[in-house]
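Summary of the model geometry
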Amino acid sequence: MKILFYSCKKFEESYLEKANINRHEIKFIREPLNKTTAVLSKGYDVISVFTQDDVTADVLKILQQNEVYKITTRAVGIDNIDIKKAIELNIKVANVPEYSPEAVAEHTIAMMLTLSRNIVRAEKQIKEYDYSIDRLIGFNLQGKTVGIIGVGKIGRSVAKILKAFGCQLLGYDIKKNKKEINDIPVAFTSLENLCRNADIITIHTPLSEETKYMIDDKLLSMMKYNVMIINTARGAIINTKDIIKHLKSKHIGSFGMDVYEKEKGIFFINHLGKKIEDEDLETLMEMPNVLITPHIAFATVEAIEKIAETTFHNISCWAKNTISENEVTLSAHSEKTLIY
Ligand code: NAD
């Protein structure tokens, strides 16, 4: 098969080549998929996309005109893909439903520890020959109540690690029937109760109509004074303007974000020497209690290997005219829960 990889980063190429084992004709391009670049798909059997590619109705129509009927995304999240339209146009979409929940979970914990122990400030001080510790007093994770919003694969992995730290765990998940996850004692409660009682809140739901701006002024107002919030899920789950307001008022103690609601066109790109025209992001970048990483929670060798392998598994199923178990169906992801 002939496959075009949109938004392909340099670091991915060797992993994708290795996973292909010369089975398919592959081409990597740096350009993201959008209405302008969709024409490049002509002559390919499959296209592969990433989280920031625009796979909305107009783009899907161009793909159909180009007779491209298969899309595989190198991600768990499908919030950038109009699945309903794809199915309507007979275009199959597959994802990588699980590559390494541990990679994202470990990054989540790294963000918690970096903020709780003032690691960035300490490093900055040392580089300036300031070895004083007056501004570096942190707090223990042990004994803290951590609220996990979305107790799926990543949320569970976070819970396992936090159990070892001696944290009390609160969980909120739309699937309310989960009482205990294996031997990890997560007490399931309402979103409001979790927000009122947690010292640290970490978000692990997909982005959907229901979760967009789930963390807004109202919920932020309920949270404990000095709470830490970590978001390694999707930026738009938090209303950025609302959290900035609560960070400015010092109600929110610290905020770790690996994702940002307007990250498209900003993250994954080197902007050295150029100003980023985004007032909210500039404000967050200037705050000492805000830690930003550029959507790298997934980015470990183990995860990238698995993403490449699953991507080629999806492609090889299609090459053999069989169905990949990773094909996204409307029943699995109802129209209501998808946003693009
Ligand atoms: P998952 O499907 O295993 O878990 C998601 C959980 O969220 C499920 O238990 C589900 O019931 C719950 N949920 C869904 N809608 C909800 C709602 N409205 N309210 C409360 N709970 C809800 O997915 P996962 O593998 O744990 O991944 C979670 C998300 O993390 C992905 O959708 C993706 O957006 C994000 N992610 C980010 C990175 C990164 O690099 N930063 C990497 C991978 C995944």
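Source: prediction; values computed, not measured.

Here the focus is the sheet that holds strand E8 (residues 186–188). Pairing within the open sheet is parallel, and its seven strands lie in the order E8-E7-E6-E9-E10-E11-E12. Among the strands making up the open sheet, the edge pair consists of E8 and strand E12 (290–292). Within the sheet, the average angular offset between the axes of one strand and its neighbour, ignoring direction, is 20°. Relative to strand E11 (residues 252–257), strand E10 (residues 227–231) is paired through five bridges, and the arrangement is parallel.

The next subject is the site of the ligand. Not every one of the 24 residues close to the ligand is listed here, only the nearest: Lys 153, Ile 154, Asp 173, Thr 232 and Asp 258. Here Gly 152 contributes a backbone N or O atom positioned 3.5 Å from an oxygen atom of the ligand. Phe 298 is positioned with one of its backbone polar atoms (N or O) 3.1 Å from an oxygen atom of the ligand. In isolation the ligand exposes 870 Å². Once the protein is present, 90% of that is buried. Tallied by class, the residues present in the shell around the ligand amount to ten nonpolar, seven polar and seven charged.

This part covers the domain arrangement of the protein chain. What the domain assignment lists for the protein chain is domain 1 (2–99 + 301–319) and domain 2 (101–292). Between the C-alpha centres of domain 1 and domain 2 there is a distance of 30 Å. The interface of domain 1 with domain 2 comprises eleven residues on the first partner and ten residues on the second. Across the domain 1/domain 2 interface, buried area totals approximately 910 Å², and carbon plus sulfur atoms make up 56% of it.

What counts, and at which threshold
- Position labels on residues start from 1 in each chain and follow its written sequence.
- This being a predicted model, a pLDDT of at least 70 is required before a residue's local features are given, and a value of 80 or more before pairs of side-chain atoms are given or counted; all residues contribute to the totals for chains, interfaces and linings.
- For the side-chain quantities, the full set of heavy atoms in the structure was used; hydrogens and water were omitted.
- We call two strands paired when DSSP finds no fewer than two bridges between them.
- A helix here means a DSSP run of H or I that spans at least four residues, while a strand means a run of E at least two residues long, and both kinds are numbered starting from the N terminus.
- In this description, a line fitted to the C-alpha atoms serves as the axis of each element, helices being fitted only across the stretch in contact, and the angle between N-to-C directions of two axes falls anywhere from 0 to 180 degrees.
- For each residue, the test is whether any non-hydrogen atom lies within 4 Å of the molecule or strand; if one does, the residue is near.
- Any N or O atom pair separated by 3.5 Å or less is treated as a polar contact, with the protein-specific requirement of one donor-capable and one acceptor-capable atom, and with residues adjacent in sequence counted only for side-chain atom pairs.
- All accessible-area figures derive from a Shrake-Rupley calculation using a 1.4 Å probe, and residue coverage is judged against the displayed protein chains alone.
- Gly is put with the polar residues, along with every residue not named as nonpolar or charged; the nonpolar set is Ala, Val, Leu, Ile, Met, Phe, Trp, Tyr, Cys and Pro, and the charged set is Asp, Glu, Lys and Arg.
- For every domain, the bounds stem from an assignment made automatically or drawn from a database.
- Two residues qualify as a contact provided that any one of their heavy atoms is within 4.5 Å of a heavy atom in the partner residue.
- Each of two parts loses accessible area, computed with a 1.4 Å probe, when they are put together; buried area is these two losses added.

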